[in-house]
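Below are the chains, spelled out letter by letter.
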Amino acid sequence: MYLPPHDPHVDDPMRFKPLFRIHLMERKCATVECMYGHKGPHNGHIQIVKKDEFSTKCNQTDHHRMSGGRQEEFRTWLREEWGRTLEDIFHEHMQELILMKFIYTSQYDNCLTYRRIYLPPSSPQDLIPPGLFKGTYGSHGLEIVMLSFHGKKAKGTKITGDPNIPAGQQTVEIDLAHPLQLPDIETLRDFSELSRIVLEVQEQVRREEQQQQEEEEHSQQAASQPASPLEGEGAEGEETAAGAEGKTQDKDPASQPFVLPMGVISRNEDYPRTCRICFYGTGLIAGHGFTSPERTPGVFVLFDDDRFGFIWLDLKSFSLYSRIKVSFQNAQAPSREAFDEMLKNIQSLAT
């Protein structure tokens, strides 16, 4: 298991923790050992469920328990997961969320199901190389997000989740067709000014989506009538121009000063003070247990090839993401279609 570094140090390396091991014996036999807990390896079981999926089960779960009971287990888990004690965490809401996470994860320490995850395929048109990133999520700590590109959209999919948004859900979506022009550094400090800029773009996106929907309905009604060559060329030319404009902006954007507006909370104040480009985007928020989920407006901030940020407008919060530089073998998707199918599958599991 690869664990993120301790919150909020997103630039630190990932941590490695073995969960099970297999001893291959003669005559095609094998023994399985569970590595979970603090009493050393013990008897386990592995079952191949179907293609790209298997399950592990511990046969000696007493090895996972501690002599001091759940309280000792929680304190040990807290030191390993967060690198601190409960006394170090003064925020009551954060204590509640951490306790919820411990209760949830410890319920499933004896039986785990593994499903294959492909790394996102890349293309020369991508804004930056796609991949896995560590991100700050307020009181939830650090979580793992997969950044992938889909034409004029970029998607950040949660690989690890929390009590509000589970793994598999699309945490952020970036609209690459709508770059944001940030004001000068002093004006940017005013949250209301940034909010005004973002909400104007949000309304523009809403109008464009409504217009596109009306055009699609109109084209369906006129499907029996052949389109004139002039109409076809015009539509294609407009799309090409829009695409060319997007590529021009993304090709070599000039660096610009960046600072978080007053009132925006960040777990990590050590974010870059210059950025390449910003885009309009939306972020997924929900109540505990993924209740009342909704997409809210935000700002995607690209710092460099290995770091980006997202300002959650409604939450007045900032997430900083840093690339995971671990090399995973045999993780490339055999095709774009296989990767897209995997994204659908993990989202349906989360839902």
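Refer to the structure above for everything that follows.
Model, not experiment: these values are computed from the prediction. (Residues numbered from 1 in each chain as written. Predicted model: local features only at pLDDT ≥ 70, side-chain atom pairs only at ≥ 80, totals over all residues. Heavy atoms only, no water.)

Draft legend 1. Seen up close, the pairing of strand β3 (residues 20-24). Where β3 lies against strand β4 (residues 30-34), five bridges are found, and the strand directions are antiparallel. Along β4, the bridge assignment pairs isoleucine 22 with valine 32. Connecting β3 to the antiparallel partner β4 that follows it, the hairpin turn spans five residues, and arginine 27 within it adopts a positive phi of roughly 60 degrees. (Pairing = 2+ DSSP bridges. Helix = DSSP H or I, 4+ residues; strand = E, 2+ residues; numbered from the N terminus.)

Draft legend 2. Highlighting the packing of aromatic side chains. Under the counting rule described, the total for this entry stands at 18 aromatic pairs. Relative to phenylalanine 308, the ring of phenylalanine 300 has its centre 5.2 Å away and its plane inclined at 35 degrees; by these criteria the two rings are tilted. With respect to class, phenylalanine 300 is no different from phenylalanine 308; both count as buried. With centroids separated by 5.0 Å and ring planes inclined at 75 degrees, the aromatic side chains of phenylalanine 310 and tryptophan 312 adopt a geometry described as edge-to-face. Each member of the pair, phenylalanine 310 as well as tryptophan 312, carries the same accessibility label: buried. A connected cluster of aromatic rings, assembled from ring pairs, spans Phe133, Tyr137, Phe279, Phe300, Phe308, Phe310, Trp312 and Tyr321. One Lys or Arg, lysine 17, reaches over the ring of tyrosine 36 and ends 5.1 Å from the middle of that ring. (Phe/Tyr/Trp six-rings, centres within 6.5 Å; stacked < 30°, edge-to-face > 60°. Buried < 20%, exposed > 50% of the residue type's maximum accessible area, 1.4 Å probe, protein only. Lys NZ or Arg CZ within 6 Å of the ring centre and 35° of its normal.)

Draft legend 3. Empty space enclosed by the protein, seen in detail. Going through the model one piece at a time under the given rule, you end up with one cavity of 30 Å³ or more. By volume, the largest cavity is sized at about 120 Å³. Lining the largest cavity are 17 residues; nearest its centre among them are Leu19, Phe20, Cys34, Thr56 and Leu112. For the lining of the largest cavity, the secondary-structure elements that each account for two or more residues are β4, β5 (42-50), β6 (53-58) and β7 (111-115). Here the lining of the largest cavity is built from residues that sort into 10 nonpolar, four polar and three charged. (1 Å grid on protein atoms, 1.4 Å probe; cavity = no way out; pocket = protein on both sides within 12 Å on 5 of 7 lines; lining within 4 Å. Points joined across faces, edges and corners; volume = space filled by probe spheres on them. Nonpolar A, V, L, I, M, F, W, Y, C, P; charged D, E, K, R; others polar.)

Draft legend 4. The sheet that holds β5, seen in detail. One open sheet accounts for five strands, arranged β3-β4-β5-β6-β7; its pairing is antiparallel. Each edge of the open sheet carries a strand with a single partner, namely β3 and β7. Neighbour-to-neighbour, the strand axes of the sheet open up by a mean angle of 30 degrees, direction not taken into account. Taken together, the five bridges between β6 and β7 define a ladder with antiparallel strand orientation. Of the residues in β7, the one forming a bridge with phenylalanine 54 is tyrosine 114. (Axes fitted to C-alpha atoms, helices over the stretch in contact; angles between N-to-C directions.)

Draft legend 5. Broad picture of the nonpolar core. In terms of nonpolar packing, the biggest core is built from 26 residues, with Leu180, Phe258, Val299, Ile311 and Phe318 touching the most fellow members. Sorting the residues of this core by element identifies α4 (191-221), β15 (277-287), β16 (291-304) and β18 (317-323) as the ones contributing at least two each. In terms of residue count, α4 provides more of this core than any other element does, six residues in total. Residue contacts for phenylalanine 318: discarding those within four places in its chain leaves Thr136, Leu260, Val264, Ile265, Ser266, Tyr271, Phe303, Gly309, Phe310, Ile311 and Trp312. Counting 20 residues, the second-largest nonpolar core is a separate cluster that includes Leu127, Phe149, Ile277 and Phe300. (Core = buried A, V, L, I, M, F, W, Y, C linked by side-chain atoms within 4.5 Å. Contact = heavy atoms within 4.5 Å.)

Draft legend 6. Expanded view of α4. With 31 residues, α4 should cover 45 Å at 1.5 Å per step; its first-to-last C-alpha distance of 45 Å lies within 8% of that length. Within α4, burial applies to Phe191, Glu193, Leu194, Ser195, Ile197, Val198, Val201 and Val205. (Expected span 1.5 Å × (residues − 1).)

Draft legend 7. Main features of the pattern of salt bridges. In this structure the tally under the stated criterion is 24 salt bridges. Here arginine 267 makes a salt bridge to aspartate 7, at a shortest N to O gap of 2.2 Å. Here aspartate 7 lies in the loop between β1 (2-3) and β2 (15-16) and arginine 267 lies in the loop between β13 (265-266) and β14 (274-275), a separation of 260 residues in the sequence. Note on arginine 267: relative accessible area 30%, which makes it partly exposed. Note on aspartate 7: relative accessible area 5%, which makes it buried. A salt bridge links aspartate 175 to lysine 153; the nearest nitrogen and oxygen atoms lie 3.8 Å apart. (Salt bridge = Lys/Arg side-chain N within 4 Å of Asp/Glu carboxyl O.)

The quantities given are spatial measurements derived from coordinates; they are silent on function.
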